[in-house]
Amino acid sequence: MGKFFFINFKSYPEATGKNALSLAKKIESAAAAKKSPVQTVLVVSALDVLRVSSQVSLKVFGQHFDPNTAGAFTGSVGVESLLSAGAKGSILNHAEKKVSDEFIKKAVLRAKELGFPVMLCAESVERGIFFAELKPDFIAFELPELIGGTVSVSTARPDLVKGFIEKVQEKNSSCKLIVGAGIKTPLDVKKSIEFGADGVFVSSGVVKSPGPKKAVKELLSGFE
Ligand code: G3P
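Residues numbered from 1 in each chain as written. Predicted model: local features only at pLDDT ≥ 70, side-chain atom pairs only at ≥ 80, totals over all residues. Heavy atoms only, no water.

A. Region of the structure containing the overall build of the protein chain. A tally of regular secondary structure across the protein chain gives 10 helices and 8 strands. Looking at the 224 residues of the protein chain, the share that counts as buried comes to 53%. Looking at the protein chain as shown, the accessible area adds up to about 9,800 Å², and 55% of this sits on carbon and sulfur atoms. Treating the 30 positive side-chain charges of the protein chain as one cloud and the 23 negative ones as another, the clouds have centres 6 Å apart. (Helix = DSSP H or I, 4+ residues; strand = E, 2+ residues; numbered from the N terminus. Buried < 20%, exposed > 50% of the residue type's maximum accessible area, 1.4 Å probe, protein only. Areas by Shrake-Rupley, 256 points an atom, 1.4 Å probe, with all protein chains shown as cover. Lys, Arg positive; Asp, Glu negative; His and termini not counted. Charge placed at Lys NZ, Arg CZ, Asp CG, Glu CD.)

B. Quick peek at the sheet that holds strand 4 (residues 90–92). Spatially, 8 strands are ordered 3-2-1-8-7-6-5-4 in an open sheet, and the strand pairing comes out parallel. The open sheet has two free edges, formed respectively by strand 3 (59–61) and strand 4, since each of these has just one partner strand. Averaged over all pairs of adjacent strands, the angle between their axes in this sheet comes to 25 degrees, without regard to strand direction. Pairing of strand 5 (residues 118–122) with strand 6 (residues 138–142) involves 4 bridges; the strand directions are parallel. Counterpart to L120 in the pairing with strand 6 is I139. Lying over the sheet, helix 5 (residues 125–133) contacts strand 5 and strand 6, oriented at roughly 150 degrees with respect to strand 5. (Pairing = 2+ DSSP bridges. Axes fitted to C-alpha atoms, helices over the stretch in contact; angles between N-to-C directions. Contact = heavy atoms within 4.5 Å.)

C. Structural context of the packing of helix 4 (residues 101–113) against helix 5. Interaxial distance between helix 4 and helix 5 falls to 11 Å at its minimum, and their mutual angle equals 35 degrees. The handedness of the crossing between helix 4 and helix 5 comes out as right-handed. Two secondary-structure elements touch here, helix 4 through D101, I104 and K105 and helix 5 through R127, F130 and F131. (Left-handed = near helix turned anticlockwise from the far one by under 90°.)

D. How the structure looks around the pairing of strand 7 (residues 176–180). For strand 7, a buried count of 4 out of 5 residues is recorded, marking the element as mostly surrounded by other parts of the structure. Examined bridge by bridge, strand 7 and strand 8 (residues 199–202) share 3 bridges and lie parallel to one another. Within strand 8, the position partnered with G180 by the bridge is F201.

E. Representation of the side chain of S154. Mapped onto the secondary structure, S154 falls in helix 6 (residues 153–156). Contact partners of S154, with chain neighbours within four places excluded, come to V161, V179, D188, K191, S192 and F195.

F. Structural detail: the site of the ligand. By nearness alone, every residue bordering the ligand is listed as N8, K10, H94, E142, I147, G148, A181, G182, F201, V202, S203 and S204. In the environment of the ligand, an oxygen atom lies 2.8 Å from a nitrogen or oxygen atom belonging to the side chain of H94. Calculation on the ligand without its partners gives an accessible area of 310 Å², and the protein chains cover 100% of this total. Class assignment of the residues belonging to the shell around the ligand gives a composition of 4 nonpolar, 6 polar and 2 charged. (Near = heavy atom within 4 Å. Polar contact = N/O pair within 3.5 Å; in protein donor to acceptor, adjacent residues only side chain to side chain. Nonpolar A, V, L, I, M, F, W, Y, C, P; charged D, E, K, R; others polar.)

What follows is the structure, encoded as structure tokens:
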């Protein structure tokens, strides 16, 4: 089965506005040079989805969306808006943008109505199991305390990564399982894949790297 390399641009200055596009182009060229079969997905601010998706061939996901339909919902980021901006999906409930269970249930239903892929972010194994019942396309497991750090979840808590993959797969074998937080090296990627993950979710290891192209190539080599 194909593997996934999600890169979260967050709201880092190096990865928003014009910088989002220049970073996206660097990632695109590094991924092309690597000729990897891994799907690289750029998770960008709703404000940058159109800018990036219209000029870069990699898939672009949003970082959040609201469950409402298109209409009188001031300030909302609806699925229709993301789709028309060129998004191919969105994450939801990132540790830095948490929403209620009610919100998640409604949003997943809305996305399904429009055939819009969703990745739910789970901060624990238990949350991952709960999300599996909602049948999103992807679930990402990220321990909040390791986000932005230098020790990856696969190194710090291999027991939890293995437990997440095993227990979530028992509930829903078709959902793709992604591991994130603190991933900085090819070994971090390799371990995640060996534990059974379908991919990884990385942010600072690429966005904050002094050499994003080199970082992307190195991280992609962890899938080999
Ligand atoms: O969304 C992925 C992110 O939360 C992981 O961040 O900086 O630990 O790779 P980082």
